[in-house]
Amino acid sequence: MQGSRFKSFIDGLITQDYILFGTVLLTFLILIILAIVLRNRLKTAVFLVLLAFGIFIIAPTYGYIELHKYLFKNKVELLSQKKLSFVEAVVVKGKITNLSKRDFSQCKIVASAYKVTSNKFKNYIYELKPFKKMSITKDNILKGETQEFKIIVEPFRYQNNYNISLEADCK
């Protein structure tokens, strides 16, 4: 399972991702070489080594997330949600708009259901850990195009207050 997720991640990389990762690796190597050259200045060398490892650990993750937010910008709207009485399910209708300058070959749209209480701190935690998730994929969304979708969240047995949130990851 873990190997297939890693393989699908590698298969989904685009040219800009490779440029980002290469730049981070090059920056790391330059800072390490500079620290070796300046090894007589201990404080400077230690700072450069710490900076190099900080960049090596943080920059790829943060850069990947921000790069994909910029390149594959989209807007997902919740149009309606209806809990069905005859089946343990919720029907979620929404629409996705491609705000990017490129066409999307595929978008994975995820509907997440989470508890709602009167405590705003608990609500924040509940949003981070939804109790039910369902997803669908939409293919071929052109620049500026809006497509409607429907997701059926099932089995949905929760009886108290809840909210549904939508998010999309496009490529």
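Located above this text is the structure these notes cover.
Scoring rules and cut-offs
Every residue gets a number counted from 1 within its own chain, in the order that chain's sequence is written. Selection of residues for local features in this predicted model requires a pLDDT of at least 70, selection of side-chain atom pairs for listing and counting requires 80 or more, and totals for whole chains, interfaces and linings are taken over all residues. Side-chain metrics rest on all non-hydrogen atoms present in the structure, leaving aside hydrogens and water. Salt bridges are defined as contacts in which a side-chain nitrogen from Lys or Arg sits within 4 Å of a carboxyl oxygen from Asp or Glu. Buried, partly exposed and exposed residues are distinguished by accessible area as a fraction of the type maximum, computed with a 1.4 Å probe on protein chains only: under 20%, between the cut-offs, and over 50%, respectively. A run of H or I in DSSP counts as a helix once it spans at least four residues, and a run of E counts as a strand once it spans at least two, with each numbered from the N terminus. Residues forming no salt bridge and having over 30% relative accessible area are the ones grouped into patches, like charges within 9 Å of each other and nonpolar side chains (Val, Leu, Ile, Met, Phe, Trp, Tyr) within 5 Å. Accessible areas in this description were obtained via Shrake-Rupley with a 1.4 Å probe; residue shielding takes into account the shown protein chains only. The charge count includes Lys and Arg as positive and Asp and Glu as negative, but it does not include His or the ends of the chains. Where a charge lies is defined by one atom per residue type: Lys uses NZ, Arg uses CZ, Asp uses CG and Glu uses CD. Here a strand pair is declared whenever DSSP counts at least two bridges between the two strands. For helices, the fitted line uses only the C-alpha atoms of the stretch in contact; every axis is such a line through C-alpha atoms, and the angle between N-to-C directions lies from 0 to 180 degrees.

Draft legend 1. Main features of the pattern of salt bridges. What the rule picks out here adds up to three salt bridges. For the salt bridge of K75 with E77, the shortest nitrogen-to-oxygen distance reads 3.8 Å. You can call E77 partly exposed: its relative accessible area is 27%. Where R157 meets E88, a salt bridge forms, and the shortest distance between an N and an O atom there is 3.1 Å. Residue R157 is found in the loop between β5 (146-153) and β6 (162-170), and its partner E88 is found in the loop between β1 (74-83) and β2 (90-98); the two are separated by 69 residues along the sequence. Classification of R157 by relative accessible area gives exposed; the value is 55%. Relative accessible area serves as the criterion here: at 42%, E88 is assigned to the partly exposed category.

Draft legend 2. Representation of a positive patch on the surface within the structure. Together, R5, K108, K129 and K133 make up a region of like positive charge exposed at the surface. Looking at where K108 falls in the secondary structure, it is placed in strand β3 (residues 104-115). By relative accessible area, which is 43% here, K108 ends up partly exposed.

Draft legend 3. Spatial organisation of the pairing of β2. For β2, a buried count of seven out of nine residues is recorded, marking the element as mostly surrounded by other parts of the structure. Examined bridge by bridge, β1 and β2 share nine bridges and lie antiparallel to one another. Bridge pairing in β2 places K82 opposite V91. Linking β1 to β2, which pair antiparallel, is a turn of six residues.

Draft legend 4. The arrangement of the sheet that holds β5 in detail. Strands sit in the order β1-β2-β5 across an open sheet of three strands; the sheet is antiparallel. Looking at strand neighbours, the two that pair on one side only are β1 and β5, the edges of this open sheet. Across this sheet, the average inter-strand angle for adjacent strands is 20 degrees, counted without regard to direction.

Everything listed here is a matter of coordinates, which is why it stays silent on function.
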